Structures are given as structure tokens and as C-alpha cells.
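The lines below spell out each chain.
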Amino acid sequence: LVILVGNLLIVALILSDRDLHRPMYFFLCNLSSLEIFFATSIIPKTVASLLMDSKAISFPACLTQFYFCTFLGVIKFVLLAVMSYDRYVAICYPLQYPMLMNSQFCVQLLLGSWTAGFLATIVPTVLVARLPFCNANHIDHFFCDGVLLIKLSCADTRTVELINFMNAFIILFGSLVMTAVSYLYIINTILKLPSASSRNKAFSTCSSHFTIVILGYGSCIFLYMRPSSHHISYNKMVALLNTMVTPLMSPFIFSLRNEQMKKALKVGLKRSVIISRKCFSF
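For every chain, the first residue of the written sequence is number 1, and numbering continues from 1 along that sequence. Local features in this predicted model are restricted to residues whose pLDDT is 70 or higher, and side-chain atom pairs enter the listing and the counts only when it is 80 or higher, whereas totals over whole chains, interfaces and linings include all residues. Based on all heavy atoms of the structure, the side-chain values leave hydrogens and waters out of the count.

**Considering the overall build of the chain**
When you go through the chain residue by residue, the secondary structure sums to ten helices and zero strands. Only DSSP runs of H or I with at least four residues qualify as helices, and only runs of E with at least two residues qualify as strands; both kinds are numbered from the N terminus onward. Beginning at the N terminus, the succession of helices and strands in the chain can be written as α-α-α-α-α-α-α-α-α-α. To sort residues, take the accessible area from a 1.4 Å probe on protein chains only and compare it with the maximum for the residue type: under 20% means buried, over 50% means exposed, and anything in between is partly exposed. Expressed as a percentage of the 282 residues in the chain, the buried residues total 43%. Residues count as neighbours in contact if any of their non-hydrogen atoms are within 4.5 Å of one another. For the chain, the proportion of contacts with a sequence separation of at least 24, taken over those separated by at least 6, is 74%. All accessible-area figures derive from a Shrake-Rupley calculation using a 1.4 Å probe, and residue coverage is judged against the displayed protein chains alone. Accessible surface computed for the chain: about 15,800 Å², of which carbon and sulfur atoms make up 70%.

Structure representation (C-alpha cells):
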């Protein structure tokens, strides 16, 4: 509920406040929407399994959950890279920023993120769906993780595992390299600013995004880019960080560390109080 309310509040603030109708907040609005979809694909079933005696899930439902978790996760990482590029243009080329990051280009970047998510997910999902599953039907996890789902198959899964690994490598490290290069240029530009107040203001515009980048990339690189010999309990804890803690913390990180978001929140609360008083006065 906190994930839903917090991220919906971010979306509502950005849509309702004209001062936030800028590329940075356009991408943030989409990121908050992704957090809602991503959490919704996992948490309801997890909560139902905790509350009910039956922890069963059908294979089509498990495959569907695997598809949407991967699909939305890929979009999120590509979108984080796009947001880092937006910050790079805003800080390194402030005069050309409105022209370079126009509305048409922002929509193209967003559509590119969704296209990358679809292309990176459809092939692994089809390959997993075609695998034979014999007697093993127990996944030691709180959602249908693709790695564990592949391990249940009684066939040779080396090809599927290799494709899955290459997918994770290309998406994670491709977007991470773009993010890292953007931040190297950003830091280099900020350090050249003459006044301390200018440097602090520039750093503050990137701090929220950088925090989410560390949480997201750190957890996923641990899960998918290291040997599979680690104990499953560690995987569960790290997956919990990625699937529940990060979507939970995102609204607080972006709202509490951003002056414009805090200003929009105060204006929104004042409007709500005024409207509620008018309603009760009748």
C-alpha cells in the first residue's frame, strides 16, 4: 500500500504541477509507474502465499510473472540510463538542454526503453516455456525467479542459461556503462563550477537518481552476474531489496531530496486542505 500510494503521489504531483512538466520529471513519472507495475507483479501473490496455506502457482501464471518481472526490470534499467543522460545534458549543456531534450526526443527515448524491454524478454520467456518439466515443481523463492525456474527443467538448459546470462550482461552492463560515463562527465563539469552553492545545487539534482542507481544495479549484479554457488537465502534477501525495498524507498528518495518536489507537495497539500474545507463548509 505504501508503494502504491507513494508512487501514485509522485505521478499525481508531476501531472498536476506545470512547473514539473520537464524531461527530468517526465522520466521520473514513468519510473514511478514502473515501480507500481513491478511491485504489483510480485507482492500480491507473495502476500497471498504468506496468508494462505496453499503456496501453489500454475505454470502459466508463473511464466507470466517471470515475463513481467523481467520485462519491467529491463525497462527500469534502460530508463535509469536515459535519466542519467538527461542529467548529463542538463548540467554539461544547460543552454542547449531545451533544444536537445525536446518532448519528441523524450517520447522516443521512452519508447526505446519499452522496446528494449520487450526484445530482451520475449526470447528467454519463449525458451523457458518450451522447456520440459518432469517431477520437480518446487521453487525456493517468494516469486518465480527465472534462474530457479530454468533449474527445475529436466532437460539440458545450458543454452537457455547462456542466453539468460548474456541478456543480463548486455542490459545491466550496457546501461551501467552509459550511466557511469554520464556521471563522470557530470562530476567533471560540476567540479569546474566557480561557487560552492552552484556545485551543491548541481549535485542535489543528481543525488536522488544516483541513490536509486546504486540500489538497483548493486542488487541485480549480485543476483545475476556472479557464480550460482551462493546460498539461496542471500538471493532472497537481495531480491527483497530489489523487488520491495527499492520501490518502497523511491518516493521518499525523490521527494525528500528534491526541492521542487517538496514545493509541489506543499502546494498539493494546501489545495487539498482548501478543497476539503469548502466541501465540509456546505
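**Thoughts on the environment of T205**
Relative to the helices and strands, T205 is located in helix α8 (residues 196–224). Classification of T205 by relative accessible area gives partly exposed; the value is 26%. For the pair formed by T205 and F254, sequence separation is 49 residues and the distance between their alpha carbons is 9.8 Å. In this view, T205 contacts M24, R87 and I91; residues no more than four positions away in its chain are not counted.

**So, the packing of aromatic side chains**
A pair of Phe, Tyr and Trp rings is counted when the ring centres sit within 6.5 Å of each other, with Trp represented by its six-membered ring. The angle between the planes then sorts it: under 30 degrees is stacked, over 60 is edge-to-face, the rest tilted. Evaluated as defined, the whole model comprises ten aromatic pairs. Their ring planes at 70° and their centres at 5.6 Å tell us that F71 and W114 sit as a pair that is edge-to-face. With F71 in helix α3 (residues 59–92) and W114 in helix α5 (residues 103–129), this residue pair connects regions lying 43 residues apart in the sequence. In textbook terms, an aromatic cluster arises when at least three aromatic residues are bridged by ring pairs, as seen for Y67, F68, F71 and W114.

**Concerning the nonpolar core**
Here the nonpolar core consists of buried residues drawn from Ala, Val, Leu, Ile, Met, Phe, Trp, Tyr and Cys, with membership extended through side-chain atoms lying within 4.5 Å. In terms of nonpolar packing, the biggest core is built from 54 residues, with I14, F27, L28, L80 and M261 touching the most fellow members. When residues of this core are traced back to their parent elements, those giving at least two are α1 (2–16), α2 (23–51), α3, α5, α7 (158–191), α8, α9 (232–256) and α10 (259–281). The element contributing the most residues to this core is α3, with 17 residues. Setting aside residues no more than four positions away along its own chain, F27 makes contact with L79, V82, M83, D86, M101, C106 and L109.

**Considerations on the packing of α3 against α5**
Think of each axis as a best-fit line through the C-alpha atoms, taken over the contacting stretch in the case of a helix, with angles from 0 to 180 degrees between the N-to-C directions. In contact at an axis separation of 8 Å, α3 and α5 are set at 150° when each is read in the N-to-C sense. For the element pair α3 and α5, the recorded crossing hand is right-handed. Three classes are used, and their members are as follows: Ala, Val, Leu, Ile, Met, Phe, Trp, Tyr, Cys and Pro are nonpolar, Asp, Glu, Lys and Arg are charged, and the others, Gly among them, are polar. Taken together, the residues that form the contact of α3 with α5 break down as 22 nonpolar, five polar and no charged. Take the far helix as your reference; a near helix turned counterclockwise from it by less than a right angle gives a left-handed crossing, and one turned clockwise gives a right-handed crossing.

**Details of the side chain of S182**
Among the structural elements, S182 can be located in helix α7. Its relative accessible area of 5% is what places S182 among the buried residues. Ignoring anything within four residues of it in the chain, the contact list for S182 reads S84, Y85 and Y88.

**A short note on the environment of I14**
Along the chain, the position of I14 falls in helix α1. Taking relative accessible area as the criterion, I14 reaches 4% and is therefore assigned buried. Each C-alpha atom of the pair I14 and C29 lies 6.7 Å from the other, and the pair is 15 residues apart in sequence. Here I14 is in contact with L20, H21, Y25, L28, C29 and M261, once residues within four sequence places are set aside.

**Looking at empty space enclosed by the protein**
Throughout, the protein atoms alone are placed on a 1 Å grid, and a set of points is a cavity if a 1.4 Å probe fits but cannot get out or a pocket if it is open with protein on both sides within 12 Å along at least five of seven lines; lining residues have an atom within 4 Å of a point. Grid points are joined across faces, edges and corners, and a volume is the space filled by probe spheres set on the points. Under the criterion given, the structure shown has one cavity of 30 Å³ or more. Taken as a whole, the largest cavity holds about 70 Å³ of empty space. In this structure, the largest cavity is lined by eleven residues; those nearest its centre are M24, R87, T205, H209 and F254. Elements supplying a minimum of two residues to the lining of the largest cavity: α3 and α8. By residue class, the composition of the lining of the largest cavity is three nonpolar, five polar and three charged.

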